[in-house]
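Now for the letters of each chain:
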Protein chains: 2
Amino acid sequence: MTPDQIIDGLQCGHFDRDSFVNLKAAGVHGVVVTCGFWEGTLESLDSLGRWRDLIRENSDVAAFGYTPEAIETAAAEGKVAAILGYQNSNLFEGRIRLVEMWAELGVRVVQLTYNNQNELAGSCYEAEDSGLARYGREVIREMNRAGILVDCSHVGNLSTLQAIAASEKPIAVTHANADSLFAHKRNKTDDVLHALRDTGGVIGVAAYRNITGDYFSGPIENWCEMVAKTVDIAGIDSVAIGTDRSHNFTAPDYAWMRMGRWTRGVDYGAASAARPGKAPPPDWFQSLTDMQIIPNGLRSVGFSEEEVAKITHGNWLRLYGETFRKSNS
Amino acid sequence: MTPDQIIDGLQCGHFDRDSFVNLKAAGVHGVVVTCGFWEGTLESLDSLGRWRDLIRENSDVAAFGYTPEAIETAAAEGKVAAILGYQNSNLFEGRIRLVEMWAELGVRVVQLTYNNQNELAGSCYEAEDSGLARYGREVIREMNRAGILVDCSHVGNLSTLQAIAASEKPIAVTHANADSLFAHKRNKTDDVLHALRDTGGVIGVAAYRNITGDYFSGPIENWCEMVAKTVDIAGIDSVAIGTDRSHNFTAPDYAWMRMGRWTRGVDYGAASAARPGKAPPPDWFQSLTDMQIIPNGLRSVGFSEEEVAKITHGNWLRLYGETFRKSNS
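Values in this document were obtained by computation on a predicted structure and should not be read as measured data. (Residues numbered from 1 in each chain as written. Chains lettered and ligands numbered in written order. Predicted model: local features only at pLDDT ≥ 70, side-chain atom pairs only at ≥ 80, totals over all residues. Heavy atoms only, no water.)

### Quick word on the packing of aromatic side chains
Applying the stated rule across the entire model yields 26 aromatic pairs over all chains. Note on Trp38(B) and Tyr114(B): the rings are 5.3 Å apart at their centroids and 85° apart in plane angle, and the pair reads as edge-to-face. Linking Trp38(B) in the loop between strand E2 (28-34) and helix H2 (41-57) with Tyr114(B) in the loop between strand E5 (109-111) and helix H5 (134-146), this pair joins segments that are 76 residues apart in sequence. According to the relative accessible area criterion, Trp38(B) is buried, its value standing at 11%. With a relative accessible area of 3%, Tyr114(B) lands in the buried category. Where Trp223(B) meets Trp284(B), the ring centres are 5.2 Å apart and the plane angle is 40°; that geometry is what we call tilted. Placement of Trp223(B) in helix H9 (residues 220-234) and of Trp284(B) in the loop between helix H10 (251-259) and helix H11 (294-300) is noted, with a sequence separation of 61 residues between them. The exposure classification of Trp223(B) matches that of Trp284(B), with both residues buried. The structure contains a cluster of three or more aromatic residues connected by ring pairs, namely Phe15(A), Phe20(A) and Trp51(A). The residue whose ring lies beneath Arg245(A) is Phe285(A), and the NZ or CZ to ring-centre distance is 4.1 Å. (Phe/Tyr/Trp six-rings, centres within 6.5 Å; stacked < 30°, edge-to-face > 60°. Helix = DSSP H or I, 4+ residues; strand = E, 2+ residues; numbered from the N terminus. Buried < 20%, exposed > 50% of the residue type's maximum accessible area, 1.4 Å probe, protein only. Lys NZ or Arg CZ within 6 Å of the ring centre and 35° of its normal.)

Structure below.
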């Protein structure tokens with residue numbers, strides 16, 4: 001892949017043909033897609049089925065990103081590789097033996113928990129982060145073995161540190177920012193970023209205004225300044241892109257993301273009562289095709305071609321190579 | 001009910017006709033039965049269906065204990081009232097709106113979590129007790145409203161304290177002992193027992209050797225000495241009986257209770273690697289009918305008739321009266 005070709009560590013929402021056409025136009029040739037937030041096993045299978053149909057129906061512009069090689073092939077052919085991921089572990093429904101089956105069905109990235117504490121780990125939004133629970137340790141071991149990348153984006157910082165320590169393979173924070181650059185519950189403390197750096201993990205710098213702040217959501221140079229400052233903390237081999245961009249989201253989708261079925265009340269997720277709705281995208285990121293300006297933005301803040309390539313796709317490819325493989329143990 | 005008539009705050013296992021016949025012979029006229037440990041919504045409905053068949057097929061000796069009045073009626077008629085309970089909240093499958101539906105189907109007691117941390121609370125067996133999570137607070141509010149008694153027996157001590165504080169109605173620890181009398185992760189610290197006392201909650205003193213210890217599992221006087229010492233801590237209005245007796249359990253049942261589907265490894269629950277199998281029952285409690293010696297055992301350690309009646313059934317009936325009712329709010 002060339003330095004101008006991008007892998008996005010996380011997008012979500014209702015993808016359609018336009019999504020792939022626009023991603024391709026932006027030079028995005030790999031993207032981790034969110035197949036579920038709260039859904040249990042059967043609902044997650046439904047989602048996987050819809051994703052298979054979608055990719056098949058658009059096979060001239062889209063492909064499955066089951067391996068790093070498949071992503072590189074898609075890029076060479078001008079296609080967009082969808083890497084199947086879930087932002088929660090409810091697809092397992094507490095069953096350790098389902099982890100390898102989901103891997104065999106093509107799932108490559110699973111977040112230990114979403115906005116609420118669960119049987120695996122604590123969430124960034126709970127009053128207390130429980131740390132990694134016993135089932136969470138088991139699931140990480142099984143994901144390591146089965147070839148699923150552990151994602152700790154919405155996971156609490158303590159649980160994330162413990163997941164990094166527990167995992168035999170490097171892990172990802174697919175979409176978050178450095179808490180020291182923009183303070184938010186969803187963002188990661190420097191000790192988490194240092195632990196990613198020290199273990200070969202990767203953080204995808206987000207471009208979601210609620211967790212990026214207005215300054216870094218200004219012109220592309222500002223956002224790339226955030227990337228550079230994240231590299232100062234986590235190192236050039238552990239920083240990539242994870243925009244958290246959503247496709248065709250409407251109010252019921254935000255309600256589902258935030259409230260799911262767990263509350264009769266209102267939850268704002270990364271938003272707030274003062275700014276409850278859809279956050280406006282960063283100034284530089286009005287449409288999906290604007291992602292094409294990222295590589296030059298990175299150059300403008302001083303990154304070399306080699307560094308640009310690591311950030312735009314190389315670090316993700318390296319991590320996928322280390323984690324998307326089934327081990328014998 | 002007379003002082004010699006007993007309500008047992010928790011039993012589990014595969015009940016059959018003999019179970020009811022023997023409970024009746026022992027003077028046990030109310031018992032919270034465990035309809036599930038790890039089962040999700042559909043499996044929990046299956047279990048509820050089997051329980052309905054069992055009660056219907058044995059309606060000469062068994063009845064449903066949906067209300068305190070129904071339990072008293074059963075006692076007057078010489079029947080055993082089954083109070084439907086679950087030792088985990090998986091029957092809700094994370095859906096807050098299912099709480100009231102389960103209440104309408106007759107469920108009266110639900111433990112927030114069993115041996116593992118979940119979306120509601122921390123467990124006594126995790127390295128860290130998370131405290132009560134956001135969904136746990138929601139579920140307690142909904143159980144209060146729908147008429148389901150909150151059970152914190154396997155819940156961690158911190159989560160239990162927070163559940164007591166969060167609940168508008170008193171809660172139960174249906175089957176556990178005082179940690180200060182026999183130290184075990186499953187047992188409750190004195191601050192929990194004091195909080196139960198101060199809020200009208202009730203602890204059912206257990207007769208499961210692994211959490212009772214050998215001394216208090218000796219002759220009935222020893223076990224009743226434990227009851228008396230628990231009363232010294234929690235007060236006469238907050239102590240009752242919750243034997244944790246199991247019916248027709250075999251090795252696969254213990255494997256299911258302890259490992260469910262969450263681990264590929266071995267978990268011992270309240271047992272240990274040194275004593276992994278079924279714990280021998282207390283010396284005084286070789287058969288179910290031995291429960292008939294409890295009232296005289298309580299008298300032998302100095303309890304008055306009024307006190308015996310509170311411990312054998314009165315405290316449970318009072319608590320059920322306060323919690324088994326649907327509120328308008």
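### Thoughts on the interface of chain B and chain A
Listed per partner, the contact involves 30 residues of chain B and 30 residues of chain A. Linking chain B to chain A there are nine salt bridges. A salt bridge links Arg95(A) to Glu43(B); the nearest nitrogen and oxygen atoms lie 3.8 Å apart. Across the chain B-chain A interface, the total number found is 20 residue pairs in polar contact (both at pLDDT 80 or more). Of the residues in the side of chain B that touches chain A, the class split is six nonpolar, ten polar and 14 charged. (Contact = heavy atoms within 4.5 Å. Salt bridge = Lys/Arg side-chain N within 4 Å of Asp/Glu carboxyl O. Polar contact = N/O pair within 3.5 Å; in protein donor to acceptor, adjacent residues only side chain to side chain. Nonpolar A, V, L, I, M, F, W, Y, C, P; charged D, E, K, R; others polar.)

### A few points about a nonpolar patch on the surface
Residues and elements named next belong to chain A. Taken together, Leu42, Leu45 and Leu105 make up a surface patch of nonpolar side chains, about 260 Å² in accessible area. Along the polypeptide, Leu42 turns up in helix H2 (residues 41-57). A residue is classified by how much of its surface remains accessible, and Leu42, at 62% relative accessible area, is exposed. (Patch = residues over 30% accessible without salt bridge, like charges linked within 9 Å, V, L, I, M, F, W, Y side chains within 5 Å. Areas by Shrake-Rupley, 256 points an atom, 1.4 Å probe, with all protein chains shown as cover.)

By themselves, these figures tell us nothing about what the structure is for.
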